[in-house]
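# Observations on the three-dimensional arrangement
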Amino acid sequence: MSFLGRLLLGPNYAGEIPNANPPPASVGPPHNPGDPDGLEFDQTETFSRAMPTWYPSPWSGWPADWSTPNFGAGAGFGQLVDTAWAALDLNASVIAAMPVYRTSGGEIAPSPSWMTNPDPSIYTSWYEFAKQLFWEFMLGEAFVLPLERYTDGYPRTMRVIPSAFVKVEMVNGLRSYHIGQMDVTAEILHVRYQSTTTSPHGVGPLAAAGARMVTAGVMSRHIEDVISTGGTPRYVIEVERALTPPQANDVMEAWLKSRAGSMGGPALMTGGAKLTSVQQMSPKDLALLELAQWNESRIAIALGVPPFLLGLPSGGDSMTYSNVSSLFDFHDRASVRPKVTAVMSALSNWALPRGQCVELNRDEYTRPALAERATAYETLHGIVDADGLSALSAEEVRAMERFHGEPSAVALTGGDAGAY
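Residues numbered from 1 in each chain as written. Predicted model: local features only at pLDDT ≥ 70, side-chain atom pairs only at ≥ 80, totals over all residues. Heavy atoms only, no water.

Strand order across the open sheet formed by 3 strands is β4-β3-β13, with antiparallel pairing between neighbours. Only two strands of the sheet have a single neighbouring strand rather than two, namely β4 (107–109) and β13 (356–360). Averaged over all pairs of adjacent strands, the angle between strand axes in this sheet comes to 45°, irrespective of strand direction. The pairing of strand β3 (residues 100–104) with β4 spans 3 bridges and is classified as antiparallel. Looking at the pairing, T103 lines up with I108 of β4. (Pairing = 2+ DSSP bridges. Helix = DSSP H or I, 4+ residues; strand = E, 2+ residues; numbered from the N terminus. Axes fitted to C-alpha atoms, helices over the stretch in contact; angles between N-to-C directions.)

What follows is the structure in structure tokens.
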């Protein structure tokens, strides 16, 4: 079994079956007291690269039909409002889709196997690993643990570890890392979004936007309540005297019967009852639409995503962006590139020898159209040095555009795809 690789079965995430407990108040033998701290380690013999699997354990008397907490959900996914989720997903998906490559001394070098799939036992590709890595990073901090190493000591396989499983402390001015009782300080990579020299943890943008996250969640529930209750009534029935509950029900039933029988005509009110119209709010005002959009736009901005990309109003300021292309370019320069630089620099210093780097093709996101690229290639090809060499050769252009192999192969793979 590989690290964190146990298949969870049974009525709860741990795969354990607690006491059936037909009488709710009884906890008769046989019973298993479990770990008093709510955590048990499976010490089953595993491969040398594996570590004990942890999971929440049901205590004595735990109802059989209750599920234990699913630590695997991680990252507070269930606590994210939809705007925060959409912004995180956009950033992480865009970055994970960028082609990855290794450089040595500034030149592209053959890539190690983990750049194709960092851990085939759990990931389907580099994309899945990279999306988890950047998602965790934008939430404040990301942890990567090696599972196997090459003979030179550098990681051969690695996995993103949910931050809830890693205990970080400052010891004598340095960070100390533990997973359960296991000290992984010398092994683990810790990439922090924002950090200080005195705090063990990283801080993400949603920490500052916490109040807005709560507000967005409350407003979402407000809209749900308005819809489920039918909104504000259009009329109220006023009666000058006090009514008992049965009398009030009789007045309401008489009103409903009168309306149903008049077929669009006026209803008849008797017994001193009077129908009064209620001033109606527009659906926009009732849902507090402008306030909700403003609040969600600030959440998107905190995560580095222009609101327009999430379907939110841009503010109508014509000086902000000249067109949609400028909007994507701003997102790339102000948000995507700094995040890529922070994470890939840390990964390079941890997973590769000095002088080598793992990089992403950050130009893929805002790549110009083929006609624009062809014009640029032609200009660069026309720049010739004293030795008669062009700044960009035809072979290099074919490599950048993936115009290799037979014409049929180019047609099938799409020569306009990719970057390297």
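Our next topic: the side chain of S335. Here S335 shows up in helix α8 (residues 324–351). Look at S335 and you get buried, because its relative accessible area is 2%. Among the polar contacts listed, one links the side chain of S335 to the backbone oxygen of G304, at a separation of 2.9 Å. The contacts of S335, once residues within four sequence positions are left out, are N91, L303, G304 and F330. (Buried < 20%, exposed > 50% of the residue type's maximum accessible area, 1.4 Å probe, protein only. Polar contact = N/O pair within 3.5 Å; in protein donor to acceptor, adjacent residues only side chain to side chain. Contact = heavy atoms within 4.5 Å.)

With that settled, consider a nonpolar patch on the surface. On the surface, F308, V324 and F328 cluster together into a nonpolar patch covering about 250 Å² of accessible area. Within the secondary structure, V324 sits in helix α8. Its relative accessible area of 43% is what places V324 among the partly exposed residues. (Patch = residues over 30% accessible without salt bridge, like charges linked within 9 Å, V, L, I, M, F, W, Y side chains within 5 Å. Areas by Shrake-Rupley, 256 points an atom, 1.4 Å probe, with all protein chains shown as cover. Salt bridge = Lys/Arg side-chain N within 4 Å of Asp/Glu carboxyl O.)

Quick look at the pairing of strand β8 (residues 174–179) now. As defined by bridge partners, strand β7 (residues 167–171) adjoins β8 across 5 bridges and the pair is classed as antiparallel. In the sheet register, K167 faces β8, and the bridge partner there is H178. Hairpin geometry of β7 and β8 is characterised by an intervening segment of 2 residues between the two adjacent antiparallel strands and by a positive phi of about 55° at N172. Of the strand pairs in this sheet, β8 and strand β9 (residues 182–183) are connected by 2 bridges, and their pairing is antiparallel. Bridge pairing links I179 to M182 in β9. From the end of β8 to the start of β9, which pair antiparallel, there are 2 residues, and G180 there has a positive phi angle of about 65°.

Below, the discussion takes up the pairing of strand β6 (residues 155–161). Burial analysis of β6 places 6 of its 7 residues in the buried class, the great majority of the element. Two elements, strand β5 (residues 141–149) and β6, share 6 bridges in a ladder whose sense is antiparallel. The residue bridging V144 from the neighbouring strand is V160, located in β6. Count of turn residues in the β5/β6 antiparallel hairpin: 5 residues, of which G153 carries a positive phi of about 95°.

On to the nonpolar core. Residues W114, W126, M344, L347 and L360 are the most contacted members of the largest nonpolar core, which totals 44 residues. Broken down by element, the residue count for this core peaks at 8 residues, all from helix α2 (residues 126–138). By size, the runner-up hydrophobic cluster in this structure holds 10 residues, among which are F143, V166, V168 and I179. (Core = buried A, V, L, I, M, F, W, Y, C linked by side-chain atoms within 4.5 Å.)

Further remarks concern the side chain of T83. Here T83 shows up in helix α1 (residues 82–96). For T83, a relative accessible area of 7% gives the class buried. Those residues in contact with T83 that lie beyond four places of it in its chain are E296, I299, A300, L310 and L312.

Bear in mind that shape data such as this cannot, by itself, settle questions of function.
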